[in-house]
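Inside the fold
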Amino acid sequence: MNRVEIDGDRCKACGLCIDACNKHLLTLSSDLNAKGYHPIEIHDVEECSACALCGVICPEGSLAVYKEIKPKKGG
Amino acid sequence: MNRVEIDGDRCKACGLCIDACNKHLLTLSSDLNAKGYHPIEIHDVEECSACALCGVICPEGSLAVYKEIKPKKGG
Amino acid sequence: MATQDVVMAGFGGQGLMAIGKILAKAAMEEGKNVTWMPSYGPEMRGGTANCVVIIDDDPIGSPVVKRTQAAVVMNKQSIDKFEPTVADHGLLVINTSLIDRKAARDDLKVVYVAANEIAESEGGAKAANMVMLGAYLGVTGATKPETLEHAIEATFAGKRGNLGDINVRAFRKGLEVGLAARG
Amino acid sequence: MATQDVVMAGFGGQGLMAIGKILAKAAMEEGKNVTWMPSYGPEMRGGTANCVVIIDDDPIGSPVVKRTQAAVVMNKQSIDKFEPTVADHGLLVINTSLIDRKAARDDLKVVYVAANEIAESEGGAKAANMVMLGAYLGVTGATKPETLEHAIEATFAGKRGNLGDINVRAFRKGLEVGLAARG
Amino acid sequence: MAEQVAFKRTSVLTDDYFHYCPGCTHGVAHRLVAEVIEEMGIQDRTIGVSPVGCSVLAYNYLDVDFVEAAHGRAPAVATGIRRTLPEDRYVFTYQGDGDLASIGMAEIIHAANRGEKITVIFINNAIYGMTGGQMAPTTLPGMRTTTSPNGRDTGLCGHPIRMCELLDTLVEPKFIARGSLSSPKLILKAKKLLRQAFDLQHSGFTFVELLSTCPTGWGLTPDNSLAWLERNMVPFFPMEVFREPGKMPPQATPYHPDLKVRDDAPKAEKKTEEG
Amino acid sequence: MAEQVAFKRTSVLTDDYFHYCPGCTHGVAHRLVAEVIEEMGIQDRTIGVSPVGCSVLAYNYLDVDFVEAAHGRAPAVATGIRRTLPEDRYVFTYQGDGDLASIGMAEIIHAANRGEKITVIFINNAIYGMTGGQMAPTTLPGMRTTTSPNGRDTGLCGHPIRMCELLDTLVEPKFIARGSLSSPKLILKAKKLLRQAFDLQHSGFTFVELLSTCPTGWGLTPDNSLAWLERNMVPFFPMEVFREPGKMPPQATPYHPDLKVRDDAPKAEKKTEEG
Amino acid sequence: MAQRRMLMKGTEAIAEAAIRAGCHHFFGYPITPQNEIPEYMSRRLPQVGGVYLQAESEVAAINMLCGAGAAGVRVMTSSSSPGVALMSEGASYMVGGELPAVIVNIMRGGPGLGDIQPSQGDYDQMTRGFGHGDKHFIVLAPSTVQEAVDMMALAFDLADEYRNPCVVLGDGLIGQMMEPVTFPEPSERTFDRSWAATGKKPGQRRNILRSLFLDPEVLEKHVEKLFEKFKVMELKEQRYEAWMMDDAPPVVISAYGTTARIAKSAIRELRAEGHRVGLFRPISAWPFPVDGLATYVEQTRLFLGIEMSMGQMVEDVRRVVAGRRPVQFWGRTGGMVPTVEEIVAQVKERSAALGQ
Amino acid sequence: MAQRRMLMKGTEAIAEAAIRAGCHHFFGYPITPQNEIPEYMSRRLPQVGGVYLQAESEVAAINMLCGAGAAGVRVMTSSSSPGVALMSEGASYMVGGELPAVIVNIMRGGPGLGDIQPSQGDYDQMTRGFGHGDKHFIVLAPSTVQEAVDMMALAFDLADEYRNPCVVLGDGLIGQMMEPVTFPEPSERTFDRSWAATGKKPGQRRNILRSLFLDPEVLEKHVEKLFEKFKVMELKEQRYEAWMMDDAPPVVISAYGTTARIAKSAIRELRAEGHRVGLFRPISAWPFPVDGLATYVEQTRLFLGIEMSMGQMVEDVRRVVAGRRPVQFWGRTGGMVPTVEEIVAQVKERSAALGQ
Ligand SMILES: Cc1ncc(C[n+]2csc(CCOP(=O)(O)OP(=O)(O)O)c2C)c(N)n1
Ligand SMILES: Cc1ncc(C[n+]2csc(CCOP(=O)(O)OP(=O)(O)O)c2C)c(N)n1
Ligand code: SF4
Ligand code: SF4
Ligand code: SF4
Ligand code: SF4
Ligand code: SF4
Ligand code: SF4
Ligand SMILES: [Mg+2]
Ligand SMILES: [Mg+2]
């Protein structure tokens, strides 16, 4: 399964990653982080394509994206 | 007759008017002016066409050019 | 009541500066000498900002004071920073909506106000600062409530919508809390 | 000979600065203390420029002097300006090629040198300054002529043509005039 | 489970949290610069010059040696560094539009004109972010700022300055391009521009302008800021590669070979006066 | 004998003798400016701003009110005058290439960009005349000066800057042209450019560059200087009218009309920090 | 209406006061902590038919002042420490060219980029080394917002009277603080402007405004003429406040600007505890109130300079006291503001050492 | 060969001495009367593998110095009064960032454009107000060309030792004068450069050179650290010459730079006529040689400051003499040079008034 790692304390809840994700997997959580922001969280992570658009647009560098390496099909 | 008025004390003997005059009427004189330059002088003034090129190029504004108004020919 | 001084502190954006100005303005209208002095921490936006308001019958010397008679705090950082600097037996007004701890000192008069919730109930969480101002005024009586309401109205006059109303209502709610706490 | 000082003055371009430097250099080679101080009038090019050279066995104080022991003048403006500032019974070296008047003071030792003509006869009117330098040296003996010739040669070493030669010859001609005037 | 990194914070960024406002694309620009430095493996040979502007603290985030410049003077500071350190070093400035296009106009033009072997990263957000949203030379016509409260009046203060176009009239620059930070796609493109600039740095002056947002100064939400940038800034500040190898100015070499002033010319006495 | 004036010294020049070196075309430029002022009958409504450079004493020769600027800052000084005096006044600066294109680069670009209603007369003689012939930003490649003793090395200090071309990237200027003072014909043409600039001054920023000689700094005789100018400067600094009515930049209006930042945008708290 | 009390920030009050003093031209460049001045000007000046123009830099701003000053209008700029440093050359030109203008400096912590907190680190820069050559500027240092307001009109009058730029020197505190102010009625004074460059009237002498005098004898005369003015300023424009000085207190604090207010609070506390302490507050930093201070030297046992700097004005105090009494110094720097408590403690400690 | 005497202009000797002191980087902008320095550098530096770069302005030049200083090389600029004024901001940044460099100022007549004749009108600018904020610069003032030569090596050493820019302050006379000089052997001193920004070595701490410290407590600490250095300078770097002072002359002239030489000639004349007069010549204008001067105060009856200015250094003399003795002043300004005759006359007149 692909994976998005969120550094919640860096997140400033700007919401740019929300718009960037074509799969609409990201939302602001109701938690408050140390700086007083509601950091981003991911839901339905199994739908993540690891396209990394969220990571690319995040101004805080709060996101890391990992892609599962599927065992190669025969041939 | 056309006429060129030379303000000898302004002249710095740069010689630019000499080159500018197509009729080659201007030369440096052997006099010394107050600033220690040999000011320009005109010879064969009767050949002057009053083209004013000398006046136009003179950086010191030392020259004035007057054109004789010939009585109009009949007609 | 020779001198009144108070520090009002919270995140940038919570409107602490604004209520400080309103308080100062009201006191001025009552003929007092006042100073309003802002201070922004070295941090960027989101950091803590505060202002000190001094009200006096006499000309005011220092516009900055190390120990204030009162502190109005609207976030965690501010209570941590300003609780210790309140003068002995002074006043601490705490916004419980955003601060989840009690006062640590026991010499202080402490007023707990759920400012955000109260403001929201009056039509706008943005008016939480007015609730705090009301609470402060209720306890201290630094100015007459009417003067202060006037000052609020003047501040929002000409602004779009019924902001003035909402803010006055929020202020009044806070005032009630303050008056009650005054005992 | 404790101190020698001289002002050398003329139009910019006549090479007064250069002969001042050569004199200073020669004196330095003889182990003296020297200063060479240029001064350009407020006028633009074509205006008068001058330099003051001081030669001393002791460390030199002021590099500028109001009254010099000698003046070497190469144009009209310069004689007008510097004749009055020569010290009593001092020396005035006049370039008669460009100055058509005599010295006005009668306490001075005056040397008249047709510097331009002499220089021209030696192969270059540009060396008129060297003639003047020679004349000055002839009268004063400020340095040994040999040291000075060396200094001239060193100055023109590496320059195109036989400029060094011409200048030395011009200098020698001037020297003769000076020695003769010394009497 | 085997996995590969699709995107990760580069190690050339320090662990410090950015001090920028939420949604400000300064952070994106920082990251791109850091990624390029990492990819090129030049962290130990890179010296950054920080400006005065919101990015004044850039040295807190980019983990390379840094020198802080006075407001607008980063290109001069970078020149001082470039001209003294060994040639294998990389020197870059990172400047805002107030810093570079207003007070620092002379310094940027002359550094470009001299062909300083540096990379200039120009963050154009059409406003003075740090000082509270005043008008910048790049502020758009009609745009309100704290010192153009009725919108920039071109009748009084002219149109925005386009720095790429201005620098493109000079002979020396080797790379001039404008990109934008307003979408993931454009961000990836912007990174390519930065990489190209750094790659060409040792051949001459390289310049990358990045259109950037200032949600705070603009009074817009972060997402609206991106949209506003694309709608309003891009038309006036077109994204183009103005200069790159193979795209050099035609006017580079038209001078006459016989340029030497002749030695035998009658030299006037050296000038002595001035005001 | 009846006669008519073919050429006469304009009365807008004072009687003072120029302090310029023999053959220096600063004198020609002065005269042209004076003639234009005379022709337009604006002597009592004209304020000149003199630079620091050989022409620092321009106020001695041009018989109009004058303000002296610090080196390079004439456009700023002219701005101060222009923005305070009644609109019917004419304000011009007269600046050398060191003054305008080196130290004064920021001021000239910004005055042009703001569209200051002034006329800038730019005397480009490719050298610092007044201070004794040092390299200017406009010094030609290979040209020797007292600070480029082996000739300008473009590898070290780049190519000359072309000011007209640079300013022509800006939206506001209404007139930009380059002429030359190297022959009577070109002098007459130069005067036309000056006249056009003054005529257009009240519509916006106007700029006339005049290629000029510096016999002293170049180490050439006056006549050789004219020839040298035409042979070496003109190819690099082409004589052109870059901008005039009917020849305005295509890029003047491409911005999107919807520029106003929305009032209802969530305003972040006013910024408070800076470096 | 001019008499109504209004609650205003120091910066905005300064701007409004300038406009009411007839200054309708502002050229400046943003810098914290004085941005409210240009921002206010950008809103207000168009309303009164004036001109707000954001310069491309402080260098350009001061030169725009040259132009506007030369054209004969009231004009001002404002900035903060590093920005003011960039104005050095232009300011010297203005003195040389005898051009009036008002320059406001709201000081911040230095040197270099420093920080944006209040400071008094530019006393030396403004009173001594602001630009090159022989020259002076009147430097006025307000202590309250009301005083700042009153000072703006005075500053423009002084600039016009002496045809010399005049500096108003505030610290970040006075810039950011709000206080009630009333605006004075505009003064009726008028000034000769026939020297201005506005276009040569036919038949009249031209006006040339310049500082270049290539002949040193002429330049010397010019400088001597300027110094005639400076001498008059030194005679007529010394300003100060002596506070709590009537009972000849043994300890006198010298402080200016906001620091002086803090000192006042400290003195109140000290007096409440029985310590006799007074305050000497220069209002004009240049000309330093030499004569005023001199009258207090004999009666005083100890002078204590307090500044938001490492000790700059205290050198002027030392100059006047001239060794007759000890002059000590205590200050905070880098944007730190002295507190009442600290001053009280300093005074007590030092009085104790004095054997009081 | 280093020992050969050469006849050199002050400006060129300064340039050559800098190169021999290991300064291979020069950034500057032409201005009279110091153009021979950049011109010389443009010829010589390429020969030694160094870099001469003409900056676009003095503002750019000082910031290039920042960069080169930060990169850890010996670097200098030179200029004259108005050009130096433009360096104010950058100079303050260099102090704040602790960046070494040498700044040469060959002063000319001011204020404003003034003229290009010799002057000492920038004493205040260089010793007090050169830029904003709390800061100092060591300022060395040579009196002979040889001393200027020796001072260049010293200036670079001081700059490196204290990591602070160092100023060499000359007047137009010393710049234009030719005198014989010998160049000293280059010193063997080496300085730590590990703080320079040359590229972060793997595993090592980075180097960040800056003057911004947004937290005022941190900035205050930083400034206090700088002032530790300044205190050491005040202890160790006071330099002066006391000339003809052994017989405790009643009249002491204080003068620096070329003016001091002219004073020496005058003193020789005066002594020849039986007037006992001595000279106190500060070699370091900052730190002013307070301790040296103090030792002469008691024995002296009259101090006479002489400067090519309207009286700037004399204020420092007054500060030290502190009212114990009269301190008078006489000077020329605007590019006028005092003559021996004038000084002699001044001294005679004033001694007479003293009842000598
Ligand atoms: C000499 C000087 N002038 C002015 C300032 C104040 N100042 C700090 S940052 C800044 C402008 C910042 O705008 P920009 O360069 O566009 O950067 P941004 O904050 O938008 O990224 C100004 C004017 C200063 N620090 N120094
Ligand atoms: C701030 C400052 N820097 C430098 C100078 C010295 N300076 C006077 S004129 C000049 C350059 C003149 O060159 P340019 O502008 O080309 O005019 P030109 O003499 O060639 O006509 C310089 C550098 C100065 N007066 N002020
Ligand atoms: S990697 Fe792509 S799909 Fe996954 S959360 Fe990020 S933007 Fe959405
Ligand atoms: S883009 Fe980054 S900072 Fe913004 S909400 Fe997403 S994770 Fe948070
Ligand atoms: S007017 Fe023409 S023809 Fe006559 S002298 Fe002049 S250039 Fe020659
Ligand atoms: S052009 Fe003018 S200055 Fe030159 S030689 Fe002719 S008259 Fe004389
Ligand atoms: S003010 Fe603007 S540029 Fe600065 S950090 Fe905030 S959003 Fe970014
Ligand atoms: S130096 Fe050059 S520009 Fe200056 S007056 Fe002489 S020739 Fe003309
Ligand atoms: Mg910006
Ligand atoms: Mg030029």
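Above this text sits the structure in question.
This section reports on the structure supplied with the text. Computed from a predicted model, the values in this text were never measured in an experiment.

Bringing the coordination of the magnesium ion (ligand 10) into the picture now. All names here are of chain F. For the magnesium ion (ligand 10), the full set of protein donor atoms is Asp-97 (OD), Asn-125 (OD1) and Ile-127 (O), and the range of their distances to it is 1.9 to 2.1 Å. For the magnesium ion (ligand 10), the donor residues sit on a single chain with the sequence spacing D-x27-N-x1-I. Accessibility assignment for this pair places Asn-125 and Ile-127 in one class, buried.

Moving on: unusual backbone geometry. Along the chain, G:Trp286 connects to G:Pro287 via a cis peptide bond; the corresponding omega equals -5 degrees. Structurally, the position occupied by G:Pro287 is in the loop between strand S13 (284-286) and helix H11 (290-297). Of note in the backbone geometry, A:His24 takes a positive phi value of approximately 55 degrees without being a glycine. Within the secondary structure, A:His24 sits in the loop between helix H1 (16-20) and strand S2 (26-28). Its relative accessible area of 58% is what places A:His24 among the exposed residues. At C:His89, a residue that is not glycine, the phi angle is positive and equals roughly 60 degrees. Turning to its location among the elements, C:His89 is positioned in strand S5 (residues 86-95). Judged by its relative accessible area of 63%, C:His89 is exposed.

What follows deals with the site of ligand 5. B:Val4, B:Cys21, B:Lys23, B:Ile42, B:Cys48, B:Ser49, B:Ala50, B:Cys51, B:Ala52, B:Cys54 and B:Val65 make up every residue found near ligand 5. Residues that form the shell around ligand 5 fall into these classes: nine nonpolar, one polar and one charged.

Another aspect to go through is the packing of aromatic side chains. The geometry of an aromatic ring pair comes down to the distance between the two centres and the angle between the two planes. Taken as a whole and assessed by the stated rule, the structure comprises 38 aromatic pairs over all chains. Three or more aromatic residues link up through ring pairs in this structure, and these residues are E:Tyr59, E:Phe66, E:Tyr90, E:Phe92 and E:Phe198. We note F:Arg162 situated over the ring of F:Phe236; from NZ or CZ to the ring centre the distance is 4.0 Å. Its end group placed over the ring of H:Phe183, H:Arg20 keeps NZ or CZ at 4.3 Å from the ring centre.

With that settled, consider the coordination of the magnesium ion (ligand 9). Residue and element names in this part refer to chain E. Protein coordination of the magnesium ion (ligand 9) is provided by Asp-97 (OD), Asn-125 (OD1) and Ile-127 (O), with donor distances spanning 1.9 to 2.1 Å. Spacing between the donor residues of the magnesium ion (ligand 9) along the chain follows D-x27-N-x1-I. Taken together, the residues span a long stretch of sequence, with Asp-97 in helix H4 (residues 97-103) and Ile-127 in the loop between strand S5 (119-124) and helix H6 (154-157) at a distance of 30 residues. Relative accessible area serves as the criterion here: at 1%, Ile-127 is assigned to the buried category.

In the neighbourhood of ligand 4, the contacting residues comprise A:Cys11, A:Lys12, A:Ala13, A:Cys14, A:Gly15, A:Cys17, A:Ile40, A:Cys58, A:Pro59, A:Glu60, A:Ser62 and A:Leu63. Looking at the shell around ligand 4 residue by residue, the classes come out as eight nonpolar, two polar and two charged.

So, on to the interface of chain H and chain F. With 20 residues of chain H at the interface, the matching set in chain F holds 21 residues. Roughly 1400 Å² of surface becomes buried between chain H and chain F when both sides are summed, with 59% attributable to carbon and sulfur atoms. On the surface where chain H and chain F come into contact, there are zero salt bridges. Connecting chain H to chain F are 10 residue pairs in polar contact (both at pLDDT 80 or more). For the side of chain H that touches chain F, the secondary-structure elements that each account for two or more residues are helix H2 (36-44) and strand S3 (51-54) of chain H. Top contributing element to the side of chain H that touches chain F by residue count: H2(H), with four residues. Per-class residue counts for the side of chain H that touches chain F are 11 nonpolar, five polar and four charged.

Cut-offs and rules
- In every chain, residue numbers begin from 1 and rise along the written sequence.
- Written order determines the labels here, with chains lettered from A and ligands numbered from 1.
- The model is predicted, so local features are restricted to residues of pLDDT at least 70 and side-chain atom pairs to those at 80 or more, both for listing and for counting; the totals for chains, interfaces and linings are taken over all residues.
- In computing side-chain values, all of the structure's heavy atoms are included and hydrogens and water are not.
- Metal coordination here is assigned from N, O and S atoms located within 2.8 Å of the ion, or within 3.2 Å for Na, K and Ca; omission of water means that sites may look incomplete.
- Only protein chains enter the accessibility calculation, which uses a 1.4 Å probe; a residue whose area is less than 20% of its type maximum is buried, one above 50% is exposed, and one in between is partly exposed.
- For the purposes of this entry, the term helix denotes a DSSP run of H or I that reaches at least four residues, the term strand denotes a run of E that reaches at least two, and both are numbered from the N terminus.
- One heavy atom within 4 Å of a molecule or strand makes the whole residue count as near it.
- Residues are sorted three ways: Asp, Glu, Lys and Arg are charged, Ala, Val, Leu, Ile, Met, Phe, Trp, Tyr, Cys and Pro are nonpolar, and all the rest, Gly among them, are polar.
- Aromatic rings from Phe, Tyr and Trp, taking only the six-membered ring of Trp, are treated as a pair when their centres fall within 6.5 Å; an angle between ring planes under 30 degrees marks them as stacked, one over 60 as edge-to-face, and anything in between as tilted.
- Note on criteria: charge over ring means Lys NZ or Arg CZ within 6 Å of the ring centre, with the direction from the centre no more than 35 degrees off the ring normal.
- In this description, contact between two residues means that some pair of their heavy atoms is separated by no more than 4.5 Å.
- Once two parts are put together, the accessible area they lose, assessed with a 1.4 Å probe and summed over both, is termed the buried area.
- Should a side-chain nitrogen of Lys or Arg be within 4 Å of a carboxyl oxygen of Asp or Glu, the pair is scored as a salt bridge.
- Counting of polar contacts relies on pairs of N or O atoms within 3.5 Å, with two restrictions inside protein: one atom must be capable of donating a hydrogen and the other of accepting it, and residues adjacent in sequence are counted only when both atoms are side-chain atoms.

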